[in-house]
Amino acid sequence: MTPLFPALAARADRPALQFGGHTLTYAELADDAGALALRIAGARRIAVWATPTLATAVGVVAGLLAGVPVVPVNPKSGERELAHIVADSAPERVLVEAGVELPPGLAAPERVDIVTRATRSGSLPERGRERERGTDGVPTGSATTGGGPAPLPPEPCPEAPALIVYTSGTTGPPKGAVLPRRALTASLDALEDAWQWTADDVLVHALPLFHVHGLILGVLGPLRRGGSVRHLGRFDTAGVTRELSSGATMFFGVPTMYHRLAEALADDPALVKALAGARLLVSGSAALPVHDHRRITTATGRAVVERYGMTETLMNTSVRADGEPRAGTVGVPLRGVELRLVEESGDSIEAYDGETVGEIQVRGPNLFTAYLNRPDATEAAFTDGWFRTGDMAVRDPDGYVRIVGRKATDLIKSGGYKIGAGEIENVLLEHPGVREAAVTGEPDADLGERIVAWIVPRDAGAPPSAEELADHVAGQLAAHKRPRVVRYLDALPRNDMGKIMKRSLGV
Ligand code: MCA
Ligand code: AMP
């Protein structure tokens, strides 16, 4: 069986990962992740405390090498969200960067410290240093066996689960999408084809490492190609400029990041030059407004390539690197992906007319296998073997897909994060000052959509402040799920059945 990361198996002496000042070559990553893989081998499932650090990348690669399913956890998860993920995925161990404190919600799984040679020494170490011991006394350096480094574990079968990534629905807590190894290889290799992605590419990004975009595309993608990734830790235009001006060839971002780049271009000639020199600029996770596409192209002469994906399906379509760029579209189906548009009636739309709207349904090796512990939700997500994305689109005569909206108004995309209105409403309703709550998304130039909470307070004379409610949601769920605006009402608009009419709230 061919390995998931050929350059790692070959212990190539080329840079693989760079986070701030910390760098690992493939050979070093094979040593560090290989040693960690030996320590976690046999575990049923592991969590990784997914800070935007080198340690996280090493922890995830170790899990993949060991064939142990990895659950990446948002380190900013609030109490309730964390409790749900831990109870649902029941990890036996939690991998965390040495020295980093874990919240009480992660006290049950056995802690395993991630120690890498790069972070141990604070910078690139000289080779051949003595083996060191981790906090639990297990060797953390090169897993050597006398004559040389120990071989990496054998490649697990393609259907073996690789990652479990949590994703929000309209109601209820997030669901864990089980992603098998073949979904990762199928999707990453289809992107190699669409983007002419090679070992010479150096990717720069600043995406979080607990979602598909930042982790699978942004870290595992370069590793599968044998290229390298430079992670900025946190997004800013200066970091993007610096890396694209010093050897990086590609940038991946969500539309909010491109919006911020577009805003900065007018006063930043170095940024203009950096973007103009990039081989490929890719946007995804939400629609990049045509206005931002145009501003970037006008200033830099470069077109941003959009690709369309989902946690459950990985990548479905993309504008190809060798194709015609077209702002406002997500390009054509990727190699191996079957895509159809389906009407409300269930009939498939045959037209390629740029105007008949249907739901995007997909089929192919890029798909997840199931929602963890949720056979009901898994079954409901498919029709005759086709996955129902909930995204509505039209198809141009040449096959380019144009997303025009989504079926569920209760799903909000803010900053590229998918957020369920119901989840936030449930948490708001538990606040002692809240009698009724409804959550909607409204257009936001920076975030795409911003979360709005409509609140009927228990005491109209002393309503809880917007800040207090935002902190409450951030503390229970996650900071990106907090309402950015709170509007107070005497009563929520309801129909004769008592159902809240969100459309009258201005959605
Ligand atoms: C603010 N903060 C708070 C609070 N308010 N913390 C606790 N309580 C509060 N009340 C903190 C935040 O944690 C954060 O900390 C900082 O203040 C700023 O937060 P925020 O305002 O939310 O940040 P932002 O400026 O709005 O972030 C914009 C962003 C971010 C950087 C673009 O939205 C982002 O990283 N988006 C990426 C989403 C993504 O990767 N989606 C992929 C999923 P600190 O600064 O320390 O963090 S979709 C996917 O995977 C599919 C497959 C696909 O197609 O790609
Ligand atoms: P998630 O479940 O967080 O993986 O988000 C998946 C959703 O993000 C999709 O169902 C789409 O609604 C949206 N999405 C991803 N990429 C794009 C894009 N390029 N344009 C428009 N929407 C996108």
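Residues numbered from 1 in each chain as written. Chains lettered and ligands numbered in written order. Predicted model: local features only at pLDDT ≥ 70, side-chain atom pairs only at ≥ 80, totals over all residues. Heavy atoms only, no water.

**Looking at the overall build of the chain**
Right, on to step 1. Helix and strand counts for the chain come out as 14 helices and 26 strands.
Right, on to step 2. Against the 2.2 N^0.38 benchmark of 23 Å for 507 residues, the chain shows a C-alpha radius of gyration of 23 Å, consistent with a compact globule.
Right, on to step 3. Expressed along its principal axes, the backbone C-alpha trace of the chain runs to roughly 75 × 50 × 50 Å.
Right, on to step 4. Contacts spanning at least 24 positions in sequence make up 65% of the contacts within the chain whose residues lie at least 6 apart.
Right, on to step 5. Mean positive and mean negative side-chain charge positions of the chain (54 and 62 charges, respectively) differ by 3 Å. (Helix = DSSP H or I, 4+ residues; strand = E, 2+ residues; numbered from the N terminus. Rg over C-alpha atoms; globule rule 2.2 N^0.38 Å. Contact = heavy atoms within 4.5 Å. Lys, Arg positive; Asp, Glu negative; His and termini not counted. Charge placed at Lys NZ, Arg CZ, Asp CG, Glu CD.)

**Things to note about the site of ligand 1**
Right, on to step 1. Ligand 1 sits among 26 residues. The nearest are K76, R234, S285, R307 and D471.
Right, on to step 2. The contact in question runs from an oxygen atom of ligand 1 to an N or O atom on the side chain of S285, over 2.6 Å.
Right, on to step 3. Contacts to ligand 1 include R482, whose side-chain N or O atom sits 3.0 Å from an oxygen atom.
Right, on to step 4. For ligand 1, the accessible surface in isolation is 1,100 Å², of which the surrounding protein chains cover 73%.
Right, on to step 5. Listed by contribution, the elements that provide at least two residues to the shell around ligand 1 are α7 (212-225), α9 (255-265), β13 (305-310) and α14 (466-476).
Right, on to step 6. With three residues, the top contributor of residues to the shell around ligand 1 is β13. (Near = heavy atom within 4 Å. Polar contact = N/O pair within 3.5 Å; in protein donor to acceptor, adjacent residues only side chain to side chain. Areas by Shrake-Rupley, 256 points an atom, 1.4 Å probe, with all protein chains shown as cover.)

**Notes on the layout of surface pockets**
Right, on to step 1. In this structure, the second largest pocket spans a volume of roughly 230 Å³.
Right, on to step 2. Taken together, T170, T171, T409, D410, G422, E425, N426, K499, I500, M501, K502 and R503 form the lining of the second largest pocket.
Right, on to step 3. Of the residues that constitute the lining of the second largest pocket, the class distribution is two nonpolar, five polar and five charged. (1 Å grid on protein atoms, 1.4 Å probe; cavity = no way out; pocket = protein on both sides within 12 Å on 5 of 7 lines; lining within 4 Å. Points joined across faces, edges and corners; volume = space filled by probe spheres on them. Nonpolar A, V, L, I, M, F, W, Y, C, P; charged D, E, K, R; others polar.)

**Describing the confidence of the model for the chain**
Right, on to step 1. Taken residue by residue, the chain gives an average pLDDT of 94. The fraction at 70 or more is 94%.
Right, on to step 2. Low pLDDT, under 50, characterises residues 123-145; the predicted model gives this stretch 47 contacts beyond four residues in sequence or across chains. (pLDDT = per-residue confidence, 0-100.)

**Re helix α11 (residues 290-300)**
An α-helical turn contains 3.6 residues, so a residue and the one three or four places further along point in the same direction.
Right, on to step 1. Among the residues of α11, those classed as buried are D292, H293, I296 and T300. One face of α11 carries all of its buried residues, which in axial projection span an arc of 105 degrees. In this structure, α11 carries H291, R294 and T298 as exposed residues pointing more than 90 degrees from its buried face.
Right, on to step 2. Elements that come into contact with the buried residues of α11 comprise α9, α10 (269-276) and β13.
Right, on to step 3. Downstream of α11 by a residue or two, G301 has a phi angle that is positive, lying close to 80 degrees. (Buried < 20%, exposed > 50% of the residue type's maximum accessible area, 1.4 Å probe, protein only. Arc of directions from axis to C-beta.)

**With respect to the site of ligand 2**
Right, on to step 1. With respect to spatial proximity, 15 residues lie near ligand 2, and among them E306, R307, T311, D391 and K413 are the closest.
Right, on to step 2. With respect to ligand 2, the side chain of T167 contributes an N or O atom lying 3.3 Å from an oxygen atom.
Right, on to step 3. A distance of 3.2 Å separates an oxygen atom of ligand 2 from a polar atom in the side chain of K418.
Right, on to step 4. Within the complex, the protein chains bury 91% of what would otherwise be the 500 Å² of accessible surface of ligand 2.
Right, on to step 5. When residues of the shell around ligand 2 are assigned to their parent elements, the largest contribution, five residues, is made by β13.
Right, on to step 6. Here the residues of the shell around ligand 2 are counted per class, giving six nonpolar, four polar and five charged.

**Description of the pairing of strand β24 (residues 434-444)**
Consecutive side chains of a regular strand alternate in pointing toward one face of the sheet and then the other.
Right, on to step 1. The buried fraction of β24 amounts to nine of the eleven residues, a majority that puts the element mostly inside the structure.
Right, on to step 2. Two elements, β24 and strand β25 (residues 448-457), share ten bridges in a ladder whose sense is antiparallel. Across the sheet, residue E442 finds its bridge partner in β25, namely R450.
Right, on to step 3. In this antiparallel pair of consecutive strands, β24 and β25, the connection spans three residues. (Pairing = 2+ DSSP bridges.)

**Overview of the packing of helix α3 (residues 54-66) against α7**
To describe two helices that pack against each other, one gives the angle between their axes and the distance between the axes.
Right, on to step 1. Packing of α3 against α7 leaves a shortest axis separation of 12 Å and a crossing angle of 70 degrees. With respect to α7, the axis of α3 lies roughly perpendicular. Facing A57, V60, V61 and L64 of α3, the residues of α7 in contact are L215, V219, L220 and L223.
Right, on to step 2. Split by residue class, the contact of α3 with α7 holds eight nonpolar, no polar and no charged. (Axes fitted to C-alpha atoms, helices over the stretch in contact; angles between N-to-C directions. Parallel < 35°, antiparallel > 145°, perpendicular 65-115°, else oblique.)

**Describing the nonpolar core**
Right, on to step 1. Grouped together as the largest cluster of nonpolar side chains are 131 residues, with contacts concentrated most on L17, L163, W195, I216, L220, L244 and F251.
Right, on to step 2. The element contributing the most residues to this core is α3, with ten residues.
Right, on to step 3. If you look at the next biggest cluster of nonpolar residues, it comprises 15 residues, including V73, I85, V94 and L106. (Core = buried A, V, L, I, M, F, W, Y, C linked by side-chain atoms within 4.5 Å.)

**Some points on the pattern of salt bridges**
Right, on to step 1. A full pass over the atoms with the stated rule returns 35 salt bridges.
Right, on to step 2. For E430, the salt bridge goes to R80, with nearest N and O atoms at 2.4 Å. Residue E430 is located in the loop between α13 (421-429) and β24, and its partner R80 is located in helix α4 (residues 79-89); the two are separated by 350 residues in the primary sequence.
Right, on to step 3. Take E430: its relative accessible area is 46%, and that puts it in the partly exposed class.
Right, on to step 4. Across the pair E359 and K407 runs a salt bridge, and its minimum N-O distance is 3.3 Å. (Salt bridge = Lys/Arg side-chain N within 4 Å of Asp/Glu carboxyl O.)

**So, the packing of aromatic side chains**
Right, on to step 1. Considering all chains together, one arrives at nine aromatic pairs under this definition.
Right, on to step 2. Look at W195 and F252: their rings are 5.5 Å apart centre to centre, the planes differ by 65 degrees, and that puts the pair in the edge-to-face class. Residue W195 is located in helix α6 (residues 181-195), and its partner F252 is located in strand β11 (residues 250-253); the two are separated by 57 residues in the primary sequence. For the pair shown, W195 and F252 are each scored as buried.
Right, on to step 3. Taken together, a centroid distance of 5.5 Å and an interplanar angle of 80 degrees make the contact between F368 and F387 edge-to-face. Residue F368 is located in the loop between β17 (358-363) and β18 (370-371), and its partner F387 is located in strand β20 (residues 386-395); the two are separated by 19 residues in the primary sequence. Both residues of the pair, F368 and F387, belong to the buried class.
Right, on to step 4. Through successive ring pairs, a cluster of aromatic residues spans F368, Y371, F382 and F387.
Right, on to step 5. The ring of Y400 carries the charged tip of R326 above its face, separated from the ring centre by 4.0 Å.
Right, on to step 6. Looking at R395, its charged tip hangs above the ring of Y352, at a distance of 4.0 Å from the centre. (Phe/Tyr/Trp six-rings, centres within 6.5 Å; stacked < 30°, edge-to-face > 60°. Lys NZ or Arg CZ within 6 Å of the ring centre and 35° of its normal.)

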